[in-house]
Amino acid sequence: MNICSIRGAITIEENTKENIVINTETLLNEIIEKNNIKKENIINIVFSSTKDITKAYPAIATRNIGITDCAIMCLQEMYVEESLSMCIRVMITAYLDIEKQDLKHIYLKEAKKLRPDISLKNTGFAVAIDGPAGSGKSTVSKIISKELSFIYVDTGAMFRTITLYCLQNNINCNNQDEVNKELNNINISLNFENGIQQIYLNNENVTEKIRTQEIAKNASIIAQIPSVREKLLNIQREIANNNNVIMDGRDIGTNVLPNANVKIYLDADIDERAKRRCEELSTKGEKFEYDKVRQGIIDRDNADKNRKIAPLKKADDAITINTTSLSIYEVSDKIIKIIKENIK
Ligand code: DC
């Protein structure tokens with residue numbers, strides 16, 4: 001077991017004892033449930049609340065939900081101009097069976113928004129868009145990023161780039177040891193032109209080269225290798241720390257950016273996704289057979305959903321949009337509306 005600290009915050013509606021207690025209970029219960037904390041394993045809890053909360057100590061809520069024998073402290077925060085009002089923050093320290101990167105920090109109600117006093121310095125606003133192949137992620141992400149002047153980070157392109165290197169150098173994508181040995185020779189860098197990602201493999205721009213069916217197929221095999229995911233995770237988090245991003249992929253909301261400000265899960269029926277992929281291939285003048293394209297997507301879905309680490313999965317707090325019968329612009333408008341509501 002590790003000693004872990006989990007953070008959380010919630011805003012309240014009224015400065016009354018009932019409202020303070022009920023909201024604190026909601027926050028504590030959600031942190032405990034999402035992180036599988038056993039109450040007897042809690043070491044201590046520190047609360048801090050904004051200066052406008054005066055009618056009760058949030059600590060009362062801990063007793064109500066059956067936490068009775070750990071150290072508890074309640075602090076009052078200093079006033080910071082333009083920061084949230086009526087906000088209760090908490091940090092729970094406990095013995096837990098999970099790794100630090102898997103902790104789920106919980107932000108509820110208005111506390112989901114950025115704290116202007118600390119956030120503007122080195123973290124950006126992050127939108128995570130996950131979903132299976134052909135659900136429309138990259139098309140809508142490009143539209144949204146342009147509209148909001150965010151940068152669009154296509155994480156699938158990173159897995160494809162490592163795959164391209166392996167195919168070019170006769171490295172067997174199914175052999176993890178062979179791929180591991182090569183990772184230090186693979187230098188991936190990104191450049192954003194008008195907000196759109198250009199991806200470089202050892203200084204060569206491979207943005208177009210990685211868009212083949214062969215690379216797509218092998219990328220879902222490469223994506224199962226832990227060392228590959230770790231290498232890319234660091235690059236992905238680094239970009240999100242320093243920019244406002246729309247980041248799309250399979251594990252962005254669940255794993256790469258678990259605290260993203262907005263999480264969207266796009267989905268669509270398999271036939272619609274296969275149709276879209278065929279239209280794309282046909283626009284590029286590539287040959288295809290519908291049944292093979294459809295089966296290829298099913299195989300990739302299976303590989304992406306069933307792999308051991310960071311599988312494709314909707315984050316608990318993601319909003320699902322089924323794009324089967326929606327136009328690209330209908331989907332983009334929906335997401336832009338959600339982002340604007342959260343950005344205020
Ligand atoms: O979105 P795409 O087709 O470009 O992704 C290529 C492969 O990369 C896909 O089969 C799964 C993998 N991938 C992943 O495992 N995690 C991500 N965040 C993005 C892509």
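This text goes with the structure placed above it.
What counts and what doesn't
Residues numbered from 1 in each chain as written. Predicted model: local features only at pLDDT ≥ 70, side-chain atom pairs only at ≥ 80, totals over all residues. Heavy atoms only, no water. Salt bridge = Lys/Arg side-chain N within 4 Å of Asp/Glu carboxyl O. Buried < 20%, exposed > 50% of the residue type's maximum accessible area, 1.4 Å probe, protein only. Core = buried A, V, L, I, M, F, W, Y, C linked by side-chain atoms within 4.5 Å. Helix = DSSP H or I, 4+ residues; strand = E, 2+ residues; numbered from the N terminus. Contact = heavy atoms within 4.5 Å. 1 Å grid on protein atoms, 1.4 Å probe; cavity = no way out; pocket = protein on both sides within 12 Å on 5 of 7 lines; lining within 4 Å. Points joined across faces, edges and corners; volume = space filled by probe spheres on them. Nonpolar A, V, L, I, M, F, W, Y, C, P; charged D, E, K, R; others polar. Near = heavy atom within 4 Å. Polar contact = N/O pair within 3.5 Å; in protein donor to acceptor, adjacent residues only side chain to side chain. Areas by Shrake-Rupley, 256 points an atom, 1.4 Å probe, with all protein chains shown as cover. Expected span 1.5 Å × (residues − 1). Arc of directions from axis to C-beta.

Asker: Explain the pattern of salt bridges to me, please; I cannot follow it from the model alone.
Answerer: Side chains that differ in charge, positive against negative, can pair when their charged atoms come close. Taken as a whole and judged by the stated rule, the model has 16 salt bridges. The salt bridge partner of Asp304 is Arg307, with a shortest N-O separation of 3.5 Å. Owing to a relative accessible area of 5%, Asp304 belongs among the buried residues under this scheme. When salt bridges with common partners are traced through the structure, they connect Arg250, Asp304 and Arg307 into a single cluster.

Asker: Teacher, can you tell me more about the nonpolar core here?
Answerer: Most often, soluble globular proteins have nonpolar side chains that are buried together. Ile162, Ile222, Val228, Val245 and Leu257 are the most contacted members of the largest nonpolar core, which totals 36 residues. Where this core is concerned, the elements lending two or more residues are β6 (126-130), β7 (151-154), α5 (155-168), β9 (196-201), α7 (213-222), α8 (226-242), β11 (245-249) and α9 (252-256). Once residues within four sequence positions are removed from consideration, Val245 is found in contact with Phe125, Ala126, Val127, Phe150, Ile151, Val153, Ile239, Ala240 and Leu257. Ile6, Phe47, Ile65 and Val90 belong to the second largest nonpolar core, which has 30 residues in total.

Asker: I'm lost on empty space enclosed by the protein in this one. Help?
Answerer: A water-sized probe, rolled over the atoms, reveals where empty space remains. Taken as a whole and assessed by the stated rule, the structure comprises one cavity of 30 Å³ or more. Of the volumes computed, that of the largest cavity is approximately 40 Å³. Lining the largest cavity, in full, are Thr155, Phe159, Arg229, Leu233, Gln236, Asp251, Ile252, Asn255 and Val256. Mapped onto the lining of the largest cavity, the elements with two or more residues apiece are α5, α8 and α9. Counted by class, the lining of the largest cavity contains four nonpolar, three polar and two charged residues.

Asker: Got a minute to help me understand the site of the ligand in this structure?
Answerer: By nearness alone, 15 residues border the ligand, and Arg160, Arg229, Arg250, Asp251 and Arg300 come closest of all. Interatomic distance of 2.3 Å between a side-chain N/O atom of Arg300 and an oxygen atom of the ligand. Between Arg307 and the ligand, the recorded distance is 2.9 Å, taken from a side-chain N or O atom to an oxygen atom. In the complex, 96% of the free accessible area of the ligand, which totals 450 Å², lies under the protein chains. Among the elements of the structure, α5, α7 and α11 (290-306) are those that each provide at least two residues to the shell around the ligand. For the shell around the ligand, the leading source of residues is α5, giving four residues.

Asker: Teacher, can you tell me more about helix α4 (residues 137-148) here?
Answerer: Along an α-helix, residues three or four apart share an orientation, since each turn contains 3.6 residues. With twelve residues, α4 extends 16 Å between its outermost C-alpha atoms, agreeing within 8% with the 16 Å of an ideal straight helix rising 1.5 Å per residue. Residues Lys137, Val140, Ser141, Ile144, Ser145 and Leu148 constitute the buried set of α4. Around the axis of α4, the buried residues are gathered within 130° of arc, so they sit on the same side. As for α4, its buried residues are in contact with β6, β7, β9, β11, β12 (262-267) and α12 (328-343).

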